[in-house]
Amino acid sequence: MSKKFILALDQGTTSSRAILFDHDGNIVATAQQEFTQYYPQPGWVEHDANEIWGSQLSVAQQVLQAQQVQAQDVAAVGITNQRETTIVWDRATGEPIHPAIVWQDRRTSQFCDELKAEGFDQTILQQTGLVTDAYFSGTKLKWILDHVEGARARAERGELAFGTVDCFLAWRLSGGQLHLTDVSNACRTMLFDIHRAEWSSDILERLNIPPQVLPQVMPSSMVYGETASEWFGGRIPLAGIAGDQQAATFGQAAFHQGMAKNTYGTGSFLLMNTGSQAVTSRNKLLTTIAWQLQDAPVQYALEGSIFITGAAVQWLRDELQLIRDAQETEALATSVADSGGVMVVPAFAGLGAPYWDQYARGTIVGLTRGSGRAHIVRATLESMAFQTRDVVEAMLADGDFGLKALRVDGGAVRNNFTMQFQADILGVPVERPAVTETTALGAAYLAGLAVGFWQSQSEIATQWKLERAFEPTMSADQRETLYAQWKRAVERSRGWAE
């Protein structure tokens, strides 16, 4: 093939990244740019969708220019994105009518409680595989239509477009030609019937959402169209889209039933492949679409969504100012023998799986006069591993899957202390791959498969390489004692906000 590269756009919660991959799945060039987080009220989180677009376009152009790569050298563009974040824009101008409401935003919690009180949460669960929570896009979209003057009438007239971040990027990249999303993002809106693979008329009616505002839903891997020539000096096929956690699962080559990965980003998201079967959780996990390849059946996964992990390290840096840089945390954590009984429950945006407590709030317990900076930092890192164990326990209770090892990726996996503690508290090996940017890699693989850059999933699977396995060394007694202490701490955080 004359084309040499795939360009992956990785649009995250706190930054936009672009990564250029070669045929061996190696990173050729990368660029990253943070953007502004807005907190207009307690529990509200917003982004400027235009700033997201500007940052994403900028880093994409940077990686091509840095390697002197022309548009004709790029086989395809793949998009992966922060999920559930909600944008509504004017079809004529492309301008958002309201700031993007971020997945962490809790403003629709009360409406979710109303849906539960009337029993409509059961309809949502049966059709979407999701618990009824402010986390998902559906109630955010309803809020925008309710609160922006004239928005619902304009939506009914077909003047407005709704989308998650992938959808907005595809629209902008294509010069307004494409209004589409993929199944892995559609299934996170709380509006999509994952069994029929179509928008749910029942839920749209209850939330009073005009179907005219919705994007077309497509497979995760196919040629959707092309980028406008103005962005990269030529047109490039846009050929892969997946939500960040599904993309990371694909990038980890977790193609077979029972394979699992955990991504440590702003939050953490543990997905287990359940194949062509949509497994209904009895333990408050989400049944979600993993991906769909062109002309192939939908693949499903069980997911445990943890709202805050890496964001807690940002909190240590920005709000508490206990550290200047995330890289300091490993040395601080290992400077003390243990956390000194300190437990940090980072429920800043409530608790996700398996608790789904919208009113939990962040808690530090177990402080004594001897507790210091290192103990709080260590306890914050340990909280990532404890929250992951919560999800694994629920996952194992849901089915006879077993967990022989956990593949990991995301920023925090570079922290050896955190990964060792994760292995210890789970009691299974933690496998860190050579390429930890698996979210972007998954988007690249999905795009590359669509244009024949890679021929098959089996070819992709041969590219996965282990960099290091962390073997558990903690005794079973110590593991269970610490975990029981964590569960007590969680109970202290629950139901705090009224």
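Summarised in this report is the structure supplied together with it.

## Some words on the nonpolar core
Grouped together as the largest cluster of nonpolar side chains are 134 residues, with contacts concentrated most on Leu-191, Ile-209 and Phe-250. Among the elements that make up this core, the one with the highest residue count is helix 13 (residues 373-398) (12 residues). Excluding residues within four positions of it along the chain, Leu-191 makes contact with Thr-128, Gly-138, Leu-141, Trp-199, Ser-200, Ile-203, Leu-204, Leu-207, Ile-209 and Leu-214. Residues Phe-35, Val-74, Cys-167 and Phe-168 belong to the second largest nonpolar core, which totals 43 residues.

## Considering the sheet that holds strand 23 (residues 466-470)
One open sheet accounts for 7 strands, arranged 17-18-16-15-21-22-23; its pairing is mixed. Each edge of the open sheet is held by one strand with a lone partner, namely strand 17 (286-291) and strand 23. Mean inter-strand twist for the sheet, computed between neighbouring axes without regard to direction, equals 30°. Taken together, the 7 bridges between strand 16 (residues 268-275) and strand 18 (residues 299-306) define a ladder with antiparallel strand orientation. In the strand pairing of strand 18, Leu-270 is matched with Gly-304.

## With respect to the side chain of Arg-479
Here Arg-479 shows up in helix 17 (residues 476-493). The contacts of Arg-479, once residues within four sequence positions are left out, are Arg-389, Asp-424, Ile-425, Leu-426, Gly-427, Pro-472 and Met-474.

What counts, and at which threshold
Residues numbered from 1 in each chain as written. Predicted model: local features only at pLDDT ≥ 70, side-chain atom pairs only at ≥ 80, totals over all residues. Heavy atoms only, no water. Core = buried A, V, L, I, M, F, W, Y, C linked by side-chain atoms within 4.5 Å. Buried < 20%, exposed > 50% of the residue type's maximum accessible area, 1.4 Å probe, protein only. Helix = DSSP H or I, 4+ residues; strand = E, 2+ residues; numbered from the N terminus. Contact = heavy atoms within 4.5 Å. Pairing = 2+ DSSP bridges. Axes fitted to C-alpha atoms, helices over the stretch in contact; angles between N-to-C directions.

Function-wise, these values are silent; they only describe arrangement.
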